[in-house]
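Below are the chains, spelled out letter by letter.
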Number of protein chains: 2
Amino acid sequence: MSSPPAPEAPRHTGLRIDAERNRQRILTVARETFATHGIDVPMEEIARRAGVGVGTLYRRYPTRGDLVTAAFATKMYAYADAARQALTDPDPWHGFCTYVEQICAMQAGDRGFTTVLTMTFPTAKQFEADRSRAFADFTTLIDRAKAAGGLRADFVTEDMPVFLMANAGVLTVTSDAAPDVWRRLVGYLIQACAARTAQPLPDPPAPRQMYRAMLRATHHQRAGKR
Amino acid sequence: MSSPPAPEAPRHTGLRIDAERNRQRILTVARETFATHGIDVPMEEIARRAGVGVGTLYRRYPTRGDLVTAAFATKMYAYADAARQALTDPDPWHGFCTYVEQICAMQAGDRGFTTVLTMTFPTAKQFEADRSRAFADFTTLIDRAKAAGGLRADFVTEDMPVFLMANAGVLTVTSDAAPDVWRRLVGYLIQACAARTAQPLPDPPAPRQMYRAMLRATHHQRAGKR
DNA sequence: AAGGAAGTGGAATGTGCTTTCCACTTGATG
DNA sequence: CATCAAGTGGAAAGCACATTCCACTTCCTT
């Protein structure tokens, strides 16, 4: 359905077949568990659900970040792909709106991904490459949408992560008890992006700043470390 | 500066003076610590900083929720008061915008309050009474702002907590590295509230739903419990 | 100034999670 | 089918935090 080959396929890992089978089980379980419980689930629980010992889990994925990026690799690819796809929409403004909704919907459907989209994992090469690709394509998307006249001129690429953080905030509180509330937020946000409405806005963040913000420790915002 | 008496004053607590002094120290320290580190700081750390033993802290405030609501009582009062004040603005739309900005700024200035505004504490009577008063006055505020023509007709009271959750999401990620980003979000949100721009929105949440969402356990969203 | 109620600190206990380590098992290879 | 590198599980150690408990101290009363 898209251009480059999806990063699926049972690529040869050089592992013994039983080990590879375990690796797959771990990934499958991690995806499910992160989706429903968020990326902070105990490593122990993932191991248990996957039917392996914690030792096995740790040997394959020494840090939580390694497991997270491995588990979300394909979703991250899909994320990048969505921007590429949005570029093919004949109506750039419609493409923009659809894209924002679609990504926020991806967040809404996966508690882990909700968080992952607001963080960076500097050591996960492919992962961050996908994010960069998404950003690059998104930048093109907004340029077009501005040129075509739908999108306000002062919208910047960095506004997208801001929207994702806002959506994450709504989702973490409401996803159980009021699972559609995020749509309401996104409705407001998208309307605020329309050129038609534009009033001046506070300055956008510098890209460097956003990067640093998203860099926060994997083990979520731990309180003060003295 | 406002109508009812602020809940400050060294009201007689029936405690021995040394005990009362400790209680005050605990509250002061809790306010500072929650503000900079969020409401999840270890009880132990608050006790240490206040120069008391954990035992003392626990006897005075048996649960974290008790301490949190005690520490934020005056801020909660100020929160409610802000809505009351906003009603005195001769321009209802301006009053609305100022109010939303002001509350979001309160969140930005206090990591603990950021979270507190997205939760309910059913057992803290005064605390929840203040919240209700804020909601009630806010409802009046939006009715006026709609009547005066600035605010879109489909804005509802429940949108405010949604905005607060969104802002909380942005703040938890950016408050260290990019502390002004929340202003950008709020800029978008407020513009989206303008009647001038209004396009149909997804349905708002039911009040009951929002309540349940904000009811989540005090010990933050713990992962899965099996 | 003495007695007792009120208040205190912090050691102790318990829980939940991370992370390491190694004796044992299993699949691949000749 | 024997060998052994690769792989495994789970016990154990360590850490951070919550929460209880009670021998001791401090204030207040008379």
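Residues numbered from 1 in each chain as written. Chains lettered and ligands numbered in written order. Predicted model: local features only at pLDDT ≥ 70, side-chain atom pairs only at ≥ 80, totals over all residues.

Remarks on the packing of helix α5 (residues 73–86) of chain B against helix α8 (residues 125–147) of chain B
All names here are of chain B. Their axes nearest at 8 Å, the elements α5 and α8 cross at an angle of 15°. With respect to α8, the element α5 is oriented roughly parallel. As α5 packs across α8, the resulting crossing turns out to be left-handed. Mapping the contact onto sequence places Ala 73, Met 76, Tyr 77, Tyr 79, Ala 80, Ala 83, Arg 84 and Ala 86 in α5 and Gln 126, Phe 127, Asp 130, Arg 131, Arg 133, Ala 134, Asp 137, Phe 138 and Leu 141 in α8. (Axes fitted to C-alpha atoms, helices over the stretch in contact; angles between N-to-C directions. Helix = DSSP H or I, 4+ residues; strand = E, 2+ residues; numbered from the N terminus. Parallel < 35°, antiparallel > 145°, perpendicular 65-115°, else oblique. Left-handed = near helix turned anticlockwise from the far one by under 90°. Contact = placed C-beta atoms within 7 Å.)

Thoughts on the interface of chain B and chain A
Listed by partner, the interface residues are 44 residues for chain B and 46 residues for chain A. Looking at the side of chain B that touches chain A, the elements with two or more residues in it are α9 (159–174), α10 (181–193) and α11 (207–214) of chain B. With 10 residues, the top contributor of residues to the side of chain B that touches chain A is α9(B). Classifying every residue of the side of chain B that touches chain A by side-chain character gives 23 nonpolar, 14 polar and 7 charged. (Nonpolar A, V, L, I, M, F, W, Y, C, P; charged D, E, K, R; others polar.)

Digging into the relation of the copies chain B and chain A
Placing chain B over chain A gives an RMSD of 0.0 Å and needs a rotation angle of 180°, together with 0.0 Å of translation along the axis. Such values leave the two copies arranged in the relation of a two-fold axis. Comparing contact sets, 100% of the residues at the interface of chain B also lie at the interface in chain A, consistent with an isologous, same-surface contact. (Least-squares fit on C-alpha atoms with pLDDT ≥ 70 in both.)

Things to note about the packing of helix α6 (residues 92–108) of chain A against helix α10 (residues 181–193) of chain A
All names here are of chain A. The geometry of α6 relative to α10 is characterised by a closest axis approach of 11 Å and an angle of 155° between their N-to-C directions. On the basis of their axis angle, the class for α6 and α10 is roughly antiparallel. When the axes of α6 and α10 are compared, the crossing they make is right-handed. Each of Cys 97, Val 100, Glu 101, Cys 104 and Ala 108 in α6 lies in contact with α10, whose residues at this interface are Trp 182, Val 186 and Ile 190. In the contact of α6 with α10, the residues fall into 7 nonpolar, no polar and 1 charged.

Details of the UniProt feature "DNA-binding region" (unreviewed entry) in chain A
Per the UniProt entry, the sites bearing "DNA-binding region" (unreviewed entry) are residues 42–61 of chain A in this numbering. Overall, residues 42–61 of chain A shows 75% helix and 0% strand. The separation of its end C-alpha atoms is 14 Å. (UniProt positions renumbered as here; feature names shortened; annotations may be inferred.)

A closer look at the UniProt feature "domain: HTH tetR-type" (unreviewed entry) in chain A
UniProt tags residues 20–79 of chain A as "domain: HTH tetR-type" (unreviewed entry). Its end C-alpha atoms 26 Å apart, residues 20–79 of chain A is made of 80% helix and 0% strand.

Things to note about helix α11 (residues 207–214) of chain A
Burial in α11(A) covers these residues: A:Met210, A:Ala213 and A:Met214. For α11(A), the arc enclosing every buried residue in end-on projection is 90°, short of the 170-degree limit, so these residues lie on one face. Check the buried side of α11(A) and you find it contacts α9 (159–174) of chain A together with α9 of chain B. (Buried ≥ 20, exposed ≤ 12 C-beta atoms within 10 Å, placed from the backbone. Arc of directions from axis to C-beta.)

A closer look at the nonpolar core
A:Val170, A:Leu185, A:Leu189, B:Val170, B:Leu185 and B:Leu189 are the most contacted members of the largest nonpolar core, which totals 132 residues. With near-sequence residues (within four places) excluded, B:Val170 lies in contact with A:Val162, A:Met165, A:Ala166, A:Gly169, B:Val181, B:Trp182 and B:Leu185. (Core = buried A, V, L, I, M, F, W, Y, C linked by C-beta atoms within 7 Å.)

A short note on the protein's contact with DNA strand D
In the vicinity of DNA strand D, 21 residues are found, and the nearest of them are A:Val52, A:Gly53, A:Gly55, B:Pro42 and B:Gly55. Among the elements of the structure, α1 (17–37) and α3 (54–60) of chain A together with α1 (17–37), α2 (43–50) and α3 (54–60) of chain B are those that each provide at least two residues to the surface near DNA strand D. Among the elements that make up the surface near DNA strand D, the one with the highest residue count is α3(A) (4 residues). Considered class by class, the residues forming the surface near DNA strand D number 10 nonpolar, 5 polar and 6 charged. (Near = placed C-beta within 6 Å.)

Comments concerning the domain arrangement of chain A
Residue and element names in this part refer to chain A. Annotation of chain A at the domain level lists domain 1 (17–71) and domain 2 (73–214). Its C-alpha centre places domain 1 at a distance of 28 Å from the equivalent point of domain 2. At the interface, 10 residues of domain 1 touch 9 residues of domain 2. Looking at the side of domain 1 that touches domain 2, the elements with two or more residues in it are α1 and α4 (64–71). Tallied by class, the residues present in the side of domain 1 that touches domain 2 amount to 5 nonpolar, 5 polar and no charged. (Domains from an automatic or database assignment.)

Some points on the protein's contact with DNA strand C
A:Pro42, A:Gly55, B:Val52, B:Gly53 and B:Gly55 are the nearest of the 20 residues found near DNA strand C. Listing elements by their share of the surface near DNA strand C, those giving two or more residues are α1, α2 (43–50) and α3 of chain A together with α1 and α3 of chain B. For the surface near DNA strand C, the leading source of residues is α3(B), giving 4 residues.

Describing the environment of B:Val29
Residue and element names in this part refer to chain B. On the secondary structure map, Val 29 appears in helix α1. Linking Val 29 and Arg 131, residues 102 residues apart in sequence, is a C-alpha distance of 24 Å. The contacts of Val 29, once residues within four sequence positions are left out, are Ile 46, Arg 49 and Ala 50.

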